[in-house]
Amino acid sequence: MTKLAITVPFHLDETVPSFASRLASANFADRVHDFLWLTGINSQDLYDGKVAAVEALMELGGISPDKFSNRHVVRDGHFLDLNGERLSKHLFNRGCRKYCYQCVVEDLQCDGGAIDERPYDRLHWNVSFIRTCVRHGLPFTKVDRFTSASKDDVVNILKCERQSSNFAKPPRVQAHTEFEKYIEGRVWGRRKSSDWIDTLPLYVAGRLCETVGATITKGRRFVSAELNDSDWHVAAQSGFEILQSGEDSFRAFLESMHSAFFEKRSDFGGRAVYGRLYERLAHETHDPAYDAIRDIIRDVALSNLPLGPGDELFGPVRERQLHSVHSGAKAYGVHPKTLRKELAKSGVIDVHQSDLTDERVLVSATVMAKVAGHLKHKSHKAEAMSFLNADRGTWMALIRCGRVVTAHPNDNAERQIPVYDLNKLGRLLAFLEGLATSKYNRISVSYSFSTVASRAKCSIDEVIELMFAGKLSKCSLAPNERGLEAFRFDLNEIKNLTRLPHHGGRSLAEAAADLRIGTKPLAKLIALGHIVTETAKNPDNRCRQTIIRANALSEFSEKYISLFQLRRNTGIDPRRLKRKLLELGVAPAIFEEEVGATFYLCSALPEQIPLAGNCFVNMR
Ligand SMILES: [Zn+2]
């Protein structure tokens, strides 16, 4: 293509679309698209960076092909490549969407060319990460959408801007940050390639700085829409300070975010711990360029949090490095309290961690396998009772009898939550079931452990021991029940086998009958100390009862005889007999007013009065 008669200078930091727009304006074209059409250059090819189109434009402007290479932005699908760097399309705003007020002012003051063609669009103005002019320290002014001309028509855009209120006064000075210097350096192909951050694609490094920074300045759950340009300016620099120090610094930042988990302010899900950083990488982009970051987050999380199979972190977690007491208890089927005690006993966890919840006490998966594996098949009381299907009374009886013992391997058992070996319990149950040889009879009445013990007035311990001694011939298993609840016993058999030996004394009723007095006079005689009593267990119901030994009754009967008995012996009316004895000088030894019956001392009676019929005589 032939060089045009009228050309404009192509500035060292100018974009190709800007040069096209200025060249078009200098050649009296109102719109750059008309100019390109007239010169046979495909505008889309030019903006996509196709070499033929760009070279054609350069030839028209009299620019040597080697003079535009560092400003040559090539579109590749959703990405743009320039100077060996890559940016996603939405992070590079082609067509002067923002500008430095002071740069434009200085452009206008330059000599040469029509005034409208003097201001031009700089390459770094197009990069969204850069928000401040490095030369003037001014925040970029955003082009007023309502007054701007069509996209890519840089001359008209800046002309409209100069006439808008947007351009009326310069913005306030804002420091050009190290982050922006870094991004600008890479945009121009100045990459050290020695730092960790340099290994990341430019757009990944930029976005990561912004996200990490916003997390620091606005919290892990920051809302992007609520941050203005100034907020992002500060945030990006904060993030850059972390990331430019290297991967270890980024890892330390990630670990600092775990504090919320350990302070019980969140669970250990990726979103809860890492907030928007995780959400962006997990849900808002599937770009593999972020995989290196995802790998680091996953590694840090797995090394510090109890994540394992069943959890999600950028997809299902397939390995586990750490267990919490909670996850270990679940994985190995051990009660958390038991596991925690065992871990403390083994010195794996600190007793000072007692204020942490089970989810937050962490142990390496290897150690957990060793400790919890040892406890596997061992259960705490509730589970063991459920395993045997034993009610509380039967369970306690098994413990008292020593038929069920805790599974603690050492002598420090009293300080631990008891655990029981389910294998041993299974063998115990099988043994007892083998002793139930009687066939279950649906019609005859039979009772469970607790009911038969209650009705036979014995303890469940005795029923259990009778079983172990093989003394029960009528023990059966109810077909619709499970475990110990299935056992059925014959009440009479249990009663006969558990009845206590007789105490050898007389009950109060029996003693009253022996003395041929009522129970009330007997009670008064006892109360007045005339008859000695004892307490003993009733052999049938095992209740404590007052009894009178035979010798105590004998003593009383040898000493006293009732007026009632004297009447029977003599056939004399009691009042007359009483009067007669008084005349003989014999007064009652125990008066009717005292006990409800009259007694005389046998020794005081005249010899002619027969003592036959006295209970003492009968008993002898
Ligand atoms: Zn400037």
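Residues numbered from 1 in each chain as written. Predicted model: local features only at pLDDT ≥ 70, side-chain atom pairs only at ≥ 80, totals over all residues. Heavy atoms only, no water.

Caption draft 1: Representation of the state of the cysteines. Under the definition given, this model contains 0 disulfides. Not engaged in a disulfide, the cysteine C110 finds its nearest cysteine sulfur in C103; these two sulfurs lie 11 Å apart. Looking at C110, the relative accessible area reads 39%, which means it is partly exposed. (Disulfide = S-S within 2.5 Å. Buried < 20%, exposed > 50% of the residue type's maximum accessible area, 1.4 Å probe, protein only.)

Caption draft 2: Spatial organisation of the coordination of the zinc ion. Bound to the zinc ion are the protein donor atoms C100 (SG), C103 (SG), C133 (SG) and H136 (ND1), situated 2.0 to 2.2 Å from the metal. Metal-centred angles of 106 to 113 degrees between the 4 donor atoms at the zinc ion mark the site as tetrahedral. We note that the donor set of the zinc ion lies within a single chain, spaced as C-x2-C-x29-C-x2-H. Linking C103 in helix α5 (residues 101-108) with C133 in the loop between α5 and β5 (141-142), this pair joins segments that are 30 residues apart in sequence. (Donors = N, O, S within 2.8 Å, 3.2 Å for Na, K, Ca; no water. Tetrahedral: all angles 85-135°; square planar, octahedral: opposite > 155°, others 65-115°. Helix = DSSP H or I, 4+ residues; strand = E, 2+ residues; numbered from the N terminus.)

Caption draft 3: Quick peek at the pattern of salt bridges. Following the criterion strictly, the structure yields 32 salt bridges and no others. When the shortest N-O distance is used, the salt bridge between E14 and R22 registers 2.7 Å. Looking at E14, the relative accessible area reads 0%, which means it is buried. Connected through salt bridges with shared partners, the residues R271, R276, E279 and E284 form a single ionic network. (Salt bridge = Lys/Arg side-chain N within 4 Å of Asp/Glu carboxyl O.)

Caption draft 4: Structural context of the environment of G315. With respect to the helices and strands, G315 occurs in the loop between α13 (291-304) and β6 (322-324). Owing to a relative accessible area of 23%, G315 belongs among the partly exposed residues under this scheme. In this structure the C-alpha to C-alpha distance between G315 and A282, which are 33 residues apart in sequence, comes to 8.2 Å.

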